[in-house]
Amino acid sequence: MNDPVQKKRPPWREPMLWLVFGLPLASIVAGVSLVTIATRSGGTDAVRDEVQRVSQIQTADLGPDGAARRLHLAALLRLDEGGGAIEVIAVNGDFDRAAPLRLTLAHPAQAREDLDLLLAPSEHGWRADGEIDLSHDWILQLAPEDAAWRLRGRLPAGQLATRLAPASP
């Protein structure tokens, strides 16, 4: 009945032992890996606007967008790829041609890549010197220094011009 020559297996060769200890150990390693990845990716709030949070409601000031809409402002952003210049040309509305404008180029995923440029008045609109990385999209915001109004737009990767308009219709 019982074979006297049957050898006892060592514990590490027992499949049930691997199930009892292996599966929980694998889930702990996976959980720690996921937590590490999540904490190293940075914040999840990609909005540059000042946002107020009350309970579960988030509100942002849309006043500058409304002011741009009331003034019927629109502009064209143009990049001079060869000369390294950024130019904004007024398309519609009553702009103060003597005042400088602030152009913010926000990277869609990495806040450390964001650029903030001060555009000086020029012959055709406003201008600044600088090279822009065209390998990815940019989220654009144009405003005067007092932030009384703002225009927004998106510059797709590789494109050299785009239209800037108020964010809300």
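Preceding this section is the structure that the text describes.
My aim in this report is to walk through the structure given alongside it, one point at a time. (Residues numbered from 1 in each chain as written. Predicted model: local features only at pLDDT ≥ 70, side-chain atom pairs only at ≥ 80, totals over all residues. Heavy atoms only, no water.)

A few words on the overall build of the chain. Looking only at helices and strands, the chain features two helices and ten strands. Along its sequence from the N terminus, the chain presents helices and strands in the succession α-β-β-α-β-β-β-β-β-β-β-β. The 169 residues of the chain split such that 27% are buried. Sequence separation of at least 24 residues holds for 52% of the intrachain contacts in the chain that already meet a minimum separation of 6. Taken as a whole, the chain presents about 11900 Å² of accessible surface, with 57% of it coming from carbon and sulfur. (Helix = DSSP H or I, 4+ residues; strand = E, 2+ residues; numbered from the N terminus. Buried < 20%, exposed > 50% of the residue type's maximum accessible area, 1.4 Å probe, protein only. Contact = heavy atoms within 4.5 Å. Areas by Shrake-Rupley, 256 points an atom, 1.4 Å probe, with all protein chains shown as cover.)

Moving on to the packing of aromatic side chains. Enumeration over the complete set of coordinates arrives at two aromatic pairs. A centroid spacing of 5.5 Å and a plane angle of 55 degrees characterise the contact between Phe95 and Trp126, whose relative ring orientation is tilted. Pair noted here: Phe95 is in the loop between strand 4 (85–92) and strand 5 (101–106) and Trp126 is in strand 7 (residues 126–129), with a separation of 31 residues, a long-range link. A centroid spacing of 5.5 Å and a plane angle of 80 degrees characterise the contact between Phe95 and Trp149, whose relative ring orientation is edge-to-face. Taken together, the residues span a long stretch of sequence, with Phe95 in the loop between strand 4 and strand 5 and Trp149 in the loop between strand 8 (138–144) and strand 9 (151–155) at a distance of 54 residues. (Phe/Tyr/Trp six-rings, centres within 6.5 Å; stacked < 30°, edge-to-face > 60°.)

Moving on, we get to the pattern of salt bridges. Pairing of side chains with opposite charge becomes possible as their charged atoms draw close. In total, this model carries five salt bridges according to the counting rule given. Across the pair Asp65 and Arg150 runs a salt bridge, and its minimum N-O distance is 2.9 Å. A residue pair is termed long-range when its members are at least 10 positions apart, and Asp65 in helix 2 (residues 63–70) and Arg150 in the loop between strand 8 and strand 9 qualify at 85 residues. The burial state of Asp65 is the same as that of Arg150; both residues are buried. Three or more residues joined by partner-sharing salt bridges are found here, namely Arg102, Asp116 and Glu145. (Salt bridge = Lys/Arg side-chain N within 4 Å of Asp/Glu carboxyl O.)

Right, let's talk about the sheet that holds strand 10 (residues 161–164) for a bit. An order of 9-8-5-6-7-4-3-10 is seen for the eight strands of this open sheet, with the pairing classed as antiparallel. Edge strands, defined here as strands with exactly one partner in the open sheet, are strand 9 and strand 10. Strand-to-strand twist across the sheet, computed as the mean angle between neighbouring axes with direction ignored, equals 25 degrees. Judged from the six bridges that link them, strand 5 and strand 8 form a sheet pairing that is antiparallel. Along strand 8, the bridge assignment pairs Leu103 with Leu142. (Pairing = 2+ DSSP bridges. Axes fitted to C-alpha atoms, helices over the stretch in contact; angles between N-to-C directions.)

Time to look at helix 1 (residues 15–40). Between its first and last C-alpha atoms helix 1 spans 37 Å; for 26 residues at 1.5 Å apiece the expected length is 38 Å, and the two agree. The largest bend in helix 1 amounts to roughly 30 degrees and is located at Gly22, with the proline Pro24 lying one to four residues further along. The buried count for helix 1 comes to zero of 26 residues, which makes it a mostly uncovered element. (Expected span 1.5 Å × (residues − 1). Bend = angle between axes of the 7 residues up to and from the residue.)

We now examine a nonpolar patch on the surface. A cluster of nonpolar residues, Met16, Leu19 and Leu23, forms a patch on the protein surface that exposes about 320 Å² of accessible area. Locating Met16 in the fold gives a position in helix 1. With relative accessibility at 52%, the residue Met16 sits in the exposed group. (Patch = residues over 30% accessible without salt bridge, like charges linked within 9 Å, V, L, I, M, F, W, Y side chains within 5 Å.)

Let us now look at unusual backbone geometry. In this structure, His72 is a non-glycine residue whose phi angle is positive, near 55 degrees. Along the chain, the position of His72 falls in the loop between helix 2 and strand 3 (74–80). Residue His72 is classed as exposed on the basis of its relative accessible area of 55%.

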